[in-house]
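# Summary of the model geometry
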Amino acid sequence: MASTASSLRLQGDDNIQSMLVGTVMRKIKSRTWKKQRYFKLQDDCMTIWYKSKKAGNATSTFSVSDVEAVREGHQSEVLLSIADEFPPERCFTLVFRSRRGNLDLVAESAEEAQSWIRGMRKLIENLENMGEREKLDQWIGDWFRKADKNNDGRMNFREVRDLLKMMNVDMNEHHAHRLFTMADKSQSGTLEDDEFVLFYKMLTQREDVLRVFQEYSGDGQKLSQNDLEDFLREEQLEGSDTQQHAKQLIERYEPSDTAKLLNAMTFDGFLMYLGSTEGSIFNPRRRGVYQDMSQPLCHYFISSSHNTYLMEDQLRGQSSVEGYIRALNRGCRCVEVDCWDGANGEPIVYHGHTLTSKILFKDVVSAVGKYAFKVSEYPVILSIENHCGVEQQRVMAQHLNHILGDKLLKSTLDGKAPIRLPSPEDLKGKILVKAKKIGGLEESFNGTAEDSLTGEFSDEDEMAEIEEDNLHRESVLRRVKKSKQRLSKELSDCVVYCKSVHFSSFKHSRIHSKFYEVASFTESKARKQLREAGAEFVHHNSRQLTRVYPSGFRTDSSNFNPQEMWNVGCQIVALNFQTAGEGMDLNDGLFSQNGHCGYVLKPSFMREAEKRFDPEIPQKLDGYKPVTLSIQVISGQQLPKVNIKEDSIVDPLVRVEIHGVPMDNAKQETRYIENNGFNPVWYDTLRFTIHAPGLAVVRFVVEDYDKTSKNDFVGQYTLPFSCMQQGYRHIHLLSRDGTVIPPSSLFVHIRIAGLE
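Each chain has its residues counted from 1, running along the sequence as written. Predicted model: local features are reported for residues with pLDDT of at least 70 only, side-chain atom pairs are reported and counted for 80 or more only, and whole-chain, interface and lining totals are derived from all residues. To get the side-chain values, take all heavy atoms of the structure and skip hydrogens and water.

This next bit is on the overall build of the protein. Helix and strand counts for the protein come out as 25 helices and 32 strands. Computation of the radius of gyration draws on C-alpha atoms, with the globule rule given as 2.2 Å multiplied by the number of residues to the power 0.38. For the protein, the C-alpha radius of gyration of 28 Å lies close to 27 Å, the compact-globule estimate for 756 residues. Residue pairs in contact within the protein that sit at least 24 positions apart in sequence constitute 69% of those at least 6 positions apart. Of the roughly 32400 Å² that the protein leaves accessible, carbon and sulfur atoms contribute 48%. Charge counting follows a simple rule: Lys and Arg are positive, Asp and Glu are negative, and His as well as the terminal groups are ignored. Throughout, a charge is located at the NZ atom of Lys, the CZ atom of Arg, the CG atom of Asp or the CD atom of Glu. Here the protein holds 97 positive side-chain charges and 108 negative ones, and the gap between their average locations is 3 Å. Elements are defined by DSSP. Helices are runs of H or I of four residues or more, strands are runs of E of two residues or more, and each kind is numbered from the N terminus. Only heavy atoms enter the contact rule, under which two residues are in contact if any of them lie within 4.5 Å. The accessible surface values rely on the Shrake-Rupley method and a 1.4 Å probe; as for residues, cover is taken only from the protein chains in view.

Attention shifts here to the side chain of Asn541. With respect to the helices and strands, the residue Asn541 is situated in helix α22 (residues 523–541). When sequence neighbours within four positions are dropped, the list of residues in contact with Asn541 reads Cys298, Thr546, Val568, Gly569, Cys570, Gln571 and Lys602.

The next subject is the packing of aromatic side chains. Working definition: rings of Phe, Tyr and Trp (its six-membered ring) pair if their centres are within 6.5 Å, and the pair is stacked with planes under 30 degrees apart, edge-to-face with planes over 60 apart, and tilted otherwise. One pass over the full model with this rule turns up 28 aromatic pairs. Here Phe503 and Phe506 contribute two aromatic rings whose centre-to-centre distance is 5.0 Å and whose plane-to-plane angle is 65 degrees, an arrangement assigned as edge-to-face. Neither Phe503 nor Phe506 differs from the other in exposure class; each is buried. Between the aromatic rings of Phe515 and Tyr516, the centroid separation amounts to 5.3 Å while the plane-to-plane angle is 90 degrees, which identifies the pairing as edge-to-face. Relative accessibility decides the category of a residue: with a 1.4 Å probe and only protein chains considered, values under 20% of the type maximum give buried, values over 50% give exposed, and everything between is partly exposed. Taking the relative accessible area as the measure of exposure, Phe515 reaches 16% and is therefore buried.

At a minimum axis distance of 9 Å, the contact between helix α14 (residues 321–329) and helix α15 (residues 361–371) shows a crossing angle of 20 degrees. What the angle tells us is that α14 and α15 run roughly parallel. Read as a crossing pair, α14 and α15 show a hand that is right-handed. Together, Val321, Tyr324, Ile325, Leu328 and Asn329 of α14 and Asp363, Val364, Ala367, Val368 and Tyr371 of α15 make up the contact between the two elements. Here an angle of 0 to 180 degrees is reported between the N-to-C directions of two axes, which are lines fitted to C-alpha atoms, with helices fitted over the stretch in contact. Should an angle fall under 35 degrees it is called roughly parallel, over 145 degrees roughly antiparallel, and 65 to 115 degrees roughly perpendicular, with every other angle called oblique. By definition, turning the near helix anticlockwise from the far helix through less than a right angle yields a left-handed crossing, and turning it clockwise yields a right-handed one.

The next thing to look at is the UniProt feature "domain: EF-hand" (unreviewed entry) in the protein. Here, UniProt's "domain: EF-hand" (unreviewed entry) annotation points to residues 135–170 and 171–206. In residues 135–170, the share of helix is 64% and the share of strand is 6%. The end C-alpha atoms are 24 Å apart. In the segment residues 171–206, helix accounts for 61% and strand for 6%; the C-alpha atoms at its two ends are 16 Å apart. UniProt positions are given in the numbering used here, feature names are shortened, and annotations may be inferred rather than shown by experiment.

In this section: the sheet that holds strand β1 (residues 23–28). Ordered in space as β4-β3-β2-β1-β7-β6-β5, the seven strands form an open sheet in which the pairing is antiparallel. Strands at the two margins of the open sheet, each flanked by one partner only, are β4 (59–63) and β5 (67–72). This sheet shows a mean twist of 35 degrees between the axes of neighbouring strands, independent of strand direction. Running over the sheet, helix α2 (residues 14–21) touches β1, β2 (34–41) and β3 (47–52) and is turned about 115 degrees from β2. Contacting β1, β2, β3, β5 and β6 (91–96), helix α4 (residues 110–128) crosses the sheet at an angle of about 150 degrees to β5. DSSP bridges decide pairing: two strands pair if at least two such bridges lie between them.

Within the largest apolar cluster, 69 residues are counted, with the highest numbers of intra-cluster contacts made by Tyr324, Val337, Phe361, Val368, Ile384 and Leu400. Residue contributions to this core peak at six residues, all from α15. Two domains each donate at least three residues to this core, and these are domain 4 (297–439 + 489–606) and domain 5 (623–754). For Leu400, the residues in contact, after removing those within four places along its chain, are Phe361, Val365, Leu382, Ile384, Gly405, Leu408, Val433, Leu491 and Cys494. As used here, the term nonpolar core means buried Ala, Val, Leu, Ile, Met, Phe, Trp, Tyr and Cys residues forming a set that is joined through side-chain atoms within 4.5 Å. Where each domain begins and ends is defined by an automated method or by a domain database.

Tracing the backbone shows Glu517 in strand β21 (residues 517–522). Buried charge without a partner: Glu517 forms no salt bridge, and the closest opposite charge is Lys499, 4.5 Å away. Once you skip the residues sitting within four places of it in the chain, Glu517 turns out to touch Lys499, Val501, Gln544 and Leu545. Salt bridge, as used here: a side-chain nitrogen of Lys or Arg that lies within 4 Å of a carboxyl oxygen of Asp or Glu.

The subject of this paragraph is the confidence of the model for the protein. With 91% of its residues at a pLDDT of 70 or more, the protein shows a mean pLDDT of 89. This model gives residues 458–464 a pLDDT under 50, and the stretch forms 18 contacts once residues within four places in sequence are excluded. As a per-residue measure, pLDDT reflects the predictor's confidence and takes values from 0 up to 100. Low pLDDT, under 50, characterises residues 466–482; the predicted model gives this stretch 29 contacts beyond four residues in sequence or across chains.

Once that is clear, we can look at helix α24 (residues 582–590). Among the nine residues in α24, seven count as buried, and that is most of the element. For α24, the complete set of buried residues consists of Gly583, Met584, Asp585, Leu586, Asn587, Gly589 and Leu590.

What follows is about the domain arrangement of the protein. Where the parts come together, the accessible area they lose is often given as the size of the interface. Annotation of the protein at the domain level lists domain 1 (2–130), domain 2 (133–204), domain 3 (207–279), domain 4 (297–439 + 489–606) and domain 5 (623–754). Distance from the C-alpha centre of domain 1 to the C-alpha centre of domain 2: 31 Å.

Taken residue by residue, a regular strand's side chains alternate between the two faces of the sheet. Pairing between β1 and β2: six bridges, direction antiparallel. Following the sheet pairing, Thr23 is matched in β2 by Phe39. Here β1 hands over to β2 after five residues, the two strands then running antiparallel side by side. Relative to β3, β2 runs antiparallel, the two being bridged by five bridges. Across the sheet, the residue bridging to Tyr38 is Lys51, located in β3. A loop of five residues connects β2 with β3, the two strands running antiparallel in sequence, and Cys45 in this loop sits at a positive phi of about 55 degrees.

On to the state of the cysteines, then. The rule for a disulfide is simple: a pair of cysteine sulfur atoms within 2.5 Å. In this structure the tally under the stated criterion is zero disulfides. Cys388 takes part in no disulfide bond, and the closest cysteine sulfur, belonging to Cys339, lies 5.4 Å away.

Looking now at helix α16 (residues 390–404). A helix is expected to reach a length of 1.5 Å times the quantity of its residues less one. Between its first and last C-alpha, α16 extends 21 Å over 15 residues, near the 21 Å set by a 1.5 Å rise per residue. Those residues of α16 lying buried are Val390, Gln392, Gln393, Arg394, Val395, Met396, Ala397, His399, Leu400 and Leu404.

What follows concerns the pattern of salt bridges. Tallied over the entire structure, the rule returns 37 salt bridges. For Glu192, the salt bridge is made with Arg154, and the minimal N-O distance between the two is 3.0 Å. Placement of Glu192 in strand β9 (residues 191–192) and of Arg154 in strand β8 (residues 154–155) is noted, with a sequence separation of 38 residues between them. A relative accessible area of 33% places Glu192 in the partly exposed class. Among the ionic pairs, Glu377 bridges to Lys428, the shortest N-O distance being 3.4 Å. One end of the pair, Glu377, is in the loop between α15 and β16 (380–386); the other, Lys428, is in the loop between α16 and β17 (431–435), with 51 residues separating them in the sequence. Note on Glu377: relative accessible area 44%, which makes it partly exposed. Lys428 sits in the partly exposed class, given a relative accessible area of 31%.

Before going further, it helps to spend a moment on unusual backbone geometry. For Gln187, which is not glycine, the phi torsion reads 50 degrees and is therefore positive. Looking at the element boundaries, Gln187 is found in the loop between α7 (173–183) and β9.

Time to look at the environment of Arg100. Within the secondary structure layout, Arg100 lies in the loop between β6 and β7 (103–106). The class for Arg100 is partly exposed, based on a relative accessible area of 35%. Considered as a pair, Arg100 and Arg316 are 216 residues apart in the sequence and their alpha carbons are 18 Å apart. If sequence neighbours within four positions are ignored, Arg100 has contacts with Phe62, Asp66 and Arg326.

If you trace the backbone, Glu674 turns up in the loop between β27 (666–669) and β28 (681–690). Considering only alpha carbons, one finds Glu674 and Thr555, 119 residues apart in sequence, at a separation of 38 Å.

In structure tokens form, the structure reads like this:
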């Protein structure tokens, strides 16, 4: 197969060789569950197969593409728990994409562990460097191997017909047989792998793209450089230097050397370009950090997580350091740490008064220190909810100082009393603590800071929130007795620019509040404020930070819609990162721009205090310019099968949702196409008016239509309206938990026009 080139290249590698032979390793689930398994890389260099050493036990497999990273040594809670039994050089962890649990392994020797660690990293790197065509061939090859039941490297028509069902294709048997015969060049009555690739390509003939190609091609066979320039200018609306861009595209995507010499692009090259990141709906110029990062922190939306320590729900879920690692690796810049007094003088982190498991505060701080700046160099905020007594607060301060060292921000940046919040640029590589503080920043500069070892602060804001989310009657009563809490000076000193305060009213804040004070709102309290005083809320957030978090009633760790909080400029909108769905799709969508760095600059009308933007009436804004967005949904490609039933095929429809200010919230959908998840064609046009384009986020959702019950989710893709490219574009779909599902895509045509 075409993809064998890369597997042959890999097979010359010593580490890959030993993986192909296979190794016995221990799979570790806990201190007591340690079982031997035989692990082996399959010949496709894409699949890992493993089975129990006992004969007759079922085997399991997973794909290399499911593995996100390899961690060496004792880098998971499970491996840390057995650290006394197995040395770190024999241990490693495979971290899977999405929400699948990690695989913790112990090899028989340090050499074997290194072989697998290096080999897996090589395989992951190889996958990341694959071109679009290689990826597609790889995908076809995977299907071919799945369907080749007797492993003879060839498939008869019956096997091909069964495979089509697995691939979500319901097609006319006569038509399928005709294509099968045409692809069977050797006339053996079976298809070998290259013949199968040919059959697949005939099956997926892109008539929709061919139509566009022929419209711009002078001779119907190829696009000359001039033809391609016309296409880029007239359809893709690329104004600047189309000549240079057309040259680059031919160089980059044209597979035929002959066409390259003629400065032309064949249909294959055109298809490759449209399927690439440049042909995708997301503007590549918005992928890297492109925004001004030198404005005060309160001028940015900040990717934020709630109950970061939880892997599941809030009543019985597992608390884990892994929650912090995953959130930080997804670009999250504000994590929550819920601290309580623990045994042996060590503070613990868990969801208080529930059955969730407990982890050590110092382990959380270590994980944050290690992973804070792996994907973004911009500051991380530790939002500490402190329920500890003074003694363990001192221990918390010691851990923060000792473990984080220079990364912990301990004083204002220039040592002077500041007048506004510093910028993400100023705070690169720094970890900030958001918590209660004795006194304010000013006192530490004019010598009036309390010298006492502890200060007192009231817990009334926490009480108000507990009354609002009145979940655990007895725990509320238990806490009422303790409305005054002592605060240790050591922990207070760790708080610089993010002092947690109680919110009274916008009027009170306008007169009394300081720029470094942060108020927290439950979603219901925030919603009440934004309905009653939206413009006031926007104004408040132009000067200081606000944190909003999910209601305590969400015991299943579900999420609210973050968009309404962003509409009033709230920066720290904390979501349950462990829970997939619309809330996290919007969060991932908003923060997919600006280098995934976790900070997105708010529109100028939300940063300038005098603008008085009201999300309820965007048309009152100076420079108000609504736009119309029209999306022609043309076709879908290889949509994943959602129903496990062997003979069921998807009936897909596409819904486009606009999330923005209330006037902009809208949903429209296409017709559903019966029995075709393979290459459905719609040509349906959906139109929207957008009044505040600077705040709008667009979500594409594909569902399997069901007339008797709720539609099944197939895939989605979410992006900021400001990052959309016009013209003919592909949308590469993501699964429920935000991971890519190659080669599933939608093909659309986008037009944006200003309303005069």
